[in-house]
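# Summary of structural features
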Amino acid sequence: MQELNFVQQLAVWALPVLFAITVHEVAHGWVARRLGDPTAMMLGRLTLNPLKHIDPIGTVLVPIALLFLGGVLFGWAKPVPITVENLRNPKHDMALVAAAGPLSNLLMALIWALLMKLTLVMSGSFAGLALPLSYMCVAGITINVILLVLNLLPIPPLDGSRVVSGLLPGPWAWKYNRLEPYGLFILLGLMLAGILGKVLSPPVMWIQTGLYSLLGL
């Protein structure tokens, strides 16, 4: 989207980023509720109201900065609280709760792709609406696929690490989870070294290309 200036890009990306991050967190809480933990529901976090989930740094400052700098665009919301002890099978169920976030991003990417298909159909009669909407659809597909792939990385506290932890024997899982306080620094280091983009790009491109091919885009 090089033809858009920064303000236009900001307008195009704002809604997809908010939805991607919000639905991701709600998915965690919804699955946790189904598996016996009502914590997120009791705290009013099972809502699509983005104001309940916005993290000033992760939802606003980081995505805007990365959009301006041209880095790998990602962000995060306030984590939905999960009381692991309430889950019926804590170790196994926590892996399912973690997997719900990336799966919700895959579903949203598909929805944005379907909406993009619709914009192509209506482009002749509603060109003024179809063009900006198509840009937003591309942004929606892109941010959700990036969050899908990023969160599957086995770096605590990303969702992929929760899934790995659920598969490891107890003592190994405990040692593995001790990396969590350093996870953000590991990610930032990989990003600044240019490694994160190289790791994410192939699967992101593969999934995006698959979605476009599936729907004939």
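What comes next concerns the included structure.

Rules behind the numbers
Residues numbered from 1 in each chain as written. Predicted model: local features only at pLDDT ≥ 70, side-chain atom pairs only at ≥ 80, totals over all residues. Heavy atoms only, no water. Helix = DSSP H or I, 4+ residues; strand = E, 2+ residues; numbered from the N terminus. Expected span 1.5 Å × (residues − 1). Bend = angle between axes of the 7 residues up to and from the residue. Contact = heavy atoms within 4.5 Å. Core = buried A, V, L, I, M, F, W, Y, C linked by side-chain atoms within 4.5 Å. Buried < 20%, exposed > 50% of the residue type's maximum accessible area, 1.4 Å probe, protein only. Lys, Arg positive; Asp, Glu negative; His and termini not counted. Salt bridge = Lys/Arg side-chain N within 4 Å of Asp/Glu carboxyl O. Polar contact = N/O pair within 3.5 Å; in protein donor to acceptor, adjacent residues only side chain to side chain. Axes fitted to C-alpha atoms, helices over the stretch in contact; angles between N-to-C directions. Parallel < 35°, antiparallel > 145°, perpendicular 65-115°, else oblique. Left-handed = near helix turned anticlockwise from the far one by under 90°. Nonpolar A, V, L, I, M, F, W, Y, C, P; charged D, E, K, R; others polar.

Before going further, it helps to examine helix 4 (residues 90-122). An ideal rise of 1.5 Å per residue puts 48 Å on 33 residues; helix 4 measures up with 48 Å between its terminal C-alpha atoms. Considering bend angle alone, the principal kink of helix 4 is centred on A100 and spans about 25 degrees; proline P102 follows within four residues of it.

Attention shifts here to the environment of A40. In this fold, A40 is placed in helix 2 (residues 39-42). Separated by 41 residues in the primary sequence, A40 and P81 place their C-alpha atoms 5.7 Å from one another. With residues up to four places along the chain from it excluded, the contact list for A40 reads G29, R45, L46, V80 and P81.

One finds W13, V145 and L153 to be the most contacted residues of the largest nonpolar core, which totals 38 residues. Among the secondary structure elements, those contributing two or more residues to this core are helix 1 (6-34), helix 3 (56-69), helix 4, helix 5 (127-151) and helix 9 (195-214). A total of 13 residues in this core trace back to one element, the largest contributor, which is helix 5. When sequence neighbours within four positions are dropped, the list of residues in contact with V145 reads A109, V204, I207, Q208 and L211. Formed by 8 residues, the second largest nonpolar core is a distinct cluster that contains A27, V31, L87 and A100.

Next up on the list: the side chain of D93. With respect to the secondary-structure elements, D93 resides in helix 4. R88 is the oppositely charged side chain nearest to the buried, salt-bridge-free D93, at an N-O distance of 5.3 Å. There is a polar contact of 3.2 Å between the side chain of D93 and the side chain of H92. Once residues within four sequence positions are removed from consideration, D93 is found in contact with L35, L87 and R88.

This part takes up the packing of helix 4 against helix 6 (residues 159-167). One way to put it is that helix 4 packs onto helix 6 with a least axis distance of 8 Å and a crossing angle of 155 degrees. The angle between the axes of helix 4 and helix 6 places the two elements in the roughly antiparallel class. Where helix 4 crosses over helix 6, the two elements pack in a sense that is left-handed. For the pair helix 4 and helix 6, the contacting residues are K91, M94, A95, A98, A99, G101 and P102 in the first and D159, R162, V163, S165, G166 and L167 in the second. Residues that form the contact of helix 4 with helix 6 fall into these classes: 7 nonpolar, 3 polar and 3 charged.

Moving on, we get to the environment of N105. Within the fold, N105 resides in helix 4. Taking relative accessible area as the criterion, N105 reaches 0% and is therefore assigned buried. Distance in space between the C-alpha atoms of N105 and M205 is 15 Å, their sequence separation being 100 residues. The contacts of N105, once residues within four sequence positions are left out, are A20, H24, N144, L147 and L148. A polar side-chain atom of N105 sits 2.9 Å from a polar atom in the side chain of N144.

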